[in-house]
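This is what each chain is made of:
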Amino acid sequence: MTEEPEYAPLDAPAAGRRKLVGRIAAALVLLAILATYWAIQIPYFSPGVRETDTAGYLILAERIAHGTPIAVREESLLQYQSHVWVENEAGEVLPKYPPGLSALMAVGYWVAGENGPYLVSPVCGTLALVGAFLLFCLWMSPFASLCAVAALAFNPMFMIYTGYPLAHAANTCALVWGMFFLWRWQRKPGVFTGIGAGLLLGVAPTVRPTSAVFAVVVVAAVLIAWWQAWRRRSGWPWLATVALAVGYAFFPILHMAYNAIYFGNPLLTGYALSDEQGAFEAKRVLSKVIGVFDRIGADGLGALFGLGLFGLAIRGGPADRVLRILWFVPLVVVYGFYYWNAPH
């Protein structure tokens, strides 16, 4: 008789220890990346600005933090000499920006005093890096994810905009964490991930209105989740979908209430009063989209941009690829219509 070969039993405890060691190592490397990021940011931290855009956010934050009127009547309009300020039908003057970032800055005032608002962007940048690592790990190995996070953390544009009191850092943070929860939700619909994805992706347009284009990603995720439930003959994710929808609608409803109070119409924003919508034009849109790609490659990711686009299109299953493309393409198209993109 032929003897059966003996196989060593699977050492489950050892495999578990190796997995734990790997996670600890990844966490330590991530902490090292974050520490280096802060070591670069701290010497350049300056709680002051000289740009009109940032002044608008900060003054609105002060009004929110101190409970003073957001829109005010002034005897002289000469003090409002930049594009930041608009006058509503009641003759009141206020910043044109949505209130999301300024509300975060107001929390900064309450927590850390006068320097608090200036900490919002660096803190959001740090949280965005952590969220990016978790999101990347859904698509790639921890090692590849750490490499991607390092490339993002030490990117000059990321460094600049997460150290400056504009909307970019808070918007990026909300989107990255929102997409992380949305990916988790799409793979296994649940109430917690639905609320997390909805709230974070819903708050992003109150910080930077162009983030509203990512509604297409949310809709696509819902369609994919329901299609997968139909294929598997599993239960329909009604409750998880309601949680996602309610979370996604929460902050936009508050934003519409803000618009109704200060601009007289829930769908009218301060940008409309400054004719910001007139900045979007169809002329030379193709050349402008090409300009967007050129700027991302030159000032942003450099040679890594092409590699990222390749990975965006081929990495993961069909659902992952579709959602990533819907995340990337609409934003490029929107800014392709925007006036400042090209030629400067």
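Bear in mind that the values here come from a model prediction, so they are computed numbers and not experimental data.

Participant: Give me the overall build of the protein chain: which residues, what numbers.
Facilitator: Each helix and strand counted, the protein chain has 14 helices and two strands in total. Its C-alpha atoms put the protein chain at 105 × 50 × 45 Å along the principal axes. Taken across its 344 residues, the protein chain has 42% of its residues classed as buried. Counting only contacts in the protein chain whose residues sit at least 6 apart along the sequence, the fraction spanning at least 24 positions is 70%. Side-chain charges in the protein chain split into 22 positive and 19 negative, and the spacing between the mean points of these groups amounts to 11 Å.

Participant: An account of the packing of aromatic side chains is needed here, citing residue identities and associated values.
Facilitator: Ring pairs (aromatic) are described by centroid distance and by the angle formed between their planes. All chains considered together, the criterion is met by 16 aromatic pairs. Seen from their ring centres, Phe180 and Phe181 are 5.3 Å apart, and the 65 degrees between their planes marks the pair as edge-to-face. Relative to Phe192, the ring of Phe181 has its centre 5.8 Å away and its plane inclined at 85 degrees; by these criteria the two rings are edge-to-face. Note that Phe181 is positioned in helix H7 (residues 168-187) and Phe192 in helix H8 (residues 191-207), a separation of 11 residues in sequence. Overall, the relative accessible area of 63% leaves Phe192 in the exposed class. Taken together, the ring pairs connect Phe136, Trp139, Trp183 and Trp327 into an aromatic cluster.

Participant: Give a detailed account of the nonpolar core, specifying residues and quantitative values.
Facilitator: Among the nonpolar cores identified, the biggest contains 71 residues, and Met179 and Leu182 are the most heavily contacted of them. It is H7 that provides the largest number of residues to this core, a total of 13 residues. In this view, Met179 contacts Leu135, Leu201, Phe214, Val217 and Trp327; residues no more than four positions away in its chain are not counted.

Participant: How would you explain the environment of Leu182 if you had to name every residue and give the values?
Facilitator: By the element assignment, Leu182 lies in helix H7. Judged by its relative accessible area of 0%, Leu182 falls in the buried class. The spacing of Leu182 and Leu78 is 104 residues in sequence and 46 Å in space, taken between C-alpha atoms. Excluding anything up to four places from it in sequence, Leu182 contacts Ala197, Leu201, Val217, Val218, Ala221 and Leu244.

Participant: Requested: an account of the side chain of Thr206, with residues and values cited.
Facilitator: In this structure, Thr206 sits in helix H8. Side-chain polar atoms of Thr206 contact the backbone oxygen of Val203, separated by 2.6 Å. When sequence neighbours within four positions are dropped, the list of residues in contact with Thr206 reads Pro98, Pro99, Gly100, Leu101, Phe251 and His255.

Participant: Please give an account of the packing of helix H9 (residues 215-232) against helix H14 (residues 318-336) that cites residues and values.
Facilitator: At a minimum axis separation of 9 Å, H9 and H14 run at an interaxial angle of 165 degrees. For the element pair H9 / H14, the angle class is roughly antiparallel. Judged by the sense of rotation from one axis to the other, the crossing of H9 with H14 is right-handed. In this structure, H9 uses Val216, Val217, Ala220, Ala221, Ile224 and Gln228 to contact H14, whose residues at the interface are Ala319, Leu323, Leu326, Trp327 and Pro330.

Participant: Residue-level account of H9, with values.
Facilitator: With 18 residues, H9 should cover 26 Å at 1.5 Å per step; its first-to-last C-alpha distance of 26 Å lies within 8% of that length. Those residues of H9 that fall on the buried side of the exposure criterion are Val217, Val218, Ala220, Ala221, Val222, Ile224, Ala225, Trp226, Gln228 and Ala229. Directly beyond the C-terminal end of H9, a positive phi value near 60 degrees is found at Arg233.

Participant: Could you give an account of a nonpolar patch on the surface, naming the residues involved and the relevant values?
Facilitator: A surface patch of nonpolar side chains, about 400 Å² in accessible area, is lined by Leu20, Ile24, Leu28 and Leu31. Within the element layout of this structure, Leu31 appears in helix H1 (residues 12-41). For Leu31, a relative accessible area of 52% translates into the label exposed.

Participant: Summarise the state of the cysteines; cite the residues concerned and give the values.
Facilitator: Under the defined criterion, the tally for this structure stands at zero disulfides. In this model Cys124 remains outside any disulfide bridge; the closest cysteine sulfur is found in Cys173, 4.7 Å from its own. By relative accessible area, Cys124 is classed as buried at 9%. Between Cys137, a cysteine without a disulfide, and Cys147, which holds the nearest cysteine sulfur, the sulfur-to-sulfur distance is 11 Å.

Participant: Account for the environment of Phe250, naming residues and giving values.
Facilitator: Examined against the element boundaries, Phe250 turns out to sit in helix H10 (residues 238-263). On the accessibility criterion, Phe250 (42% relative accessible area) is partly exposed. Expressed as a C-alpha distance, the spacing of Phe250 and Val107, which sit 143 residues apart in the sequence, is 19 Å.

Participant: So what's going on with the environment of Tyr262? Residues and values would help.
Facilitator: Residue position: Tyr262 is located in helix H10. Sequence separation between Tyr262 and Glu92 is 170 residues; the distance between their C-alpha atoms is 8.5 Å. Setting aside residues up to four positions removed in sequence, Tyr262 forms contacts with Ile70, Ala71, Asn88 and Leu94.

Participant: Let's hear about the packing of H7 against H14: which residues, and what values?
Facilitator: One can describe the packing of H7 onto H14 by two numbers: an axis separation of 12 Å at closest approach and a directional angle of 150 degrees. By the criterion of interaxial angle, the relationship of H7 to H14 is roughly antiparallel. Considering only the axes of H7 and H14, their crossing is right-handed. Contacts between H7 and H14 involve Met179, Trp183, Gln186 and Arg187 from the first element and Ala319, Asp320, Leu323, Arg324 and Trp327 from the second.

Cut-offs applied
- In this convention, every chain numbers its residues from 1, walking through the sequence in written order.
- The model is predicted, so local features are restricted to residues of pLDDT at least 70 and side-chain atom pairs to those at 80 or more, both for listing and for counting; the totals for chains, interfaces and linings are taken over all residues.
- To get the side-chain values, take all heavy atoms of the structure and skip hydrogens and water.
- Labels follow the DSSP assignment, with helices taken as runs of H or I lasting at least four residues and strands as runs of E lasting at least two, numbered in each case from the N terminus.
- Exposure categories follow from relative accessible area, calculated using a 1.4 Å probe and restricted to protein chains: below 20% of the type maximum is buried, above 50% is exposed, and the middle band is partly exposed.
- Any two residues whose heavy atoms approach within 4.5 Å at even a single point are treated as in contact.
- The charge count includes Lys and Arg as positive and Asp and Glu as negative, but it does not include His or the ends of the chains.
- One atom stands in for each charge, and that atom is NZ of Lys, CZ of Arg, CG of Asp or CD of Glu.
- The pairing test for Phe, Tyr and Trp rings, Trp by its six-membered ring, is centres within 6.5 Å, and the orientation test on the planes gives stacked under 30 degrees, edge-to-face over 60, and tilted for anything in between.
- Within this scheme, the nonpolar core is defined by two criteria: the residues are buried Ala, Val, Leu, Ile, Met, Phe, Trp, Tyr or Cys, and they are joined through side-chain atoms within 4.5 Å.
- Counting of polar contacts relies on pairs of N or O atoms within 3.5 Å, with two restrictions inside protein: one atom must be capable of donating a hydrogen and the other of accepting it, and residues adjacent in sequence are counted only when both atoms are side-chain atoms.
- For helices, the fitted line uses only the C-alpha atoms of the stretch in contact; every axis is such a line through C-alpha atoms, and the angle between N-to-C directions lies from 0 to 180 degrees.
- Working definition: roughly parallel below 35 degrees, roughly antiparallel above 145 degrees, roughly perpendicular at 65 to 115 degrees, and oblique for all remaining angles.
- Take the far helix as your reference; a near helix turned counterclockwise from it by less than a right angle gives a left-handed crossing, and one turned clockwise gives a right-handed crossing.
- A helix's residues, less one, multiplied by 1.5 Å, set its expected span.
- Residues enter patches when they are more than 30% accessible in relative terms and free of salt bridges; like-charged ones are connected within 9 Å and nonpolar ones (Val, Leu, Ile, Met, Phe, Trp, Tyr) within 5 Å.
- Using a 1.4 Å probe, accessible areas were evaluated by the Shrake-Rupley method; residue-level cover was limited to the displayed protein chains.
- The working definition used for a salt bridge is a side-chain nitrogen of Lys or Arg within 4 Å of a carboxyl oxygen of Asp or Glu.
- Any cysteine sulfur atom paired with another within 2.5 Å is treated as part of a disulfide.

By themselves, these figures tell us nothing about what the structure is for.
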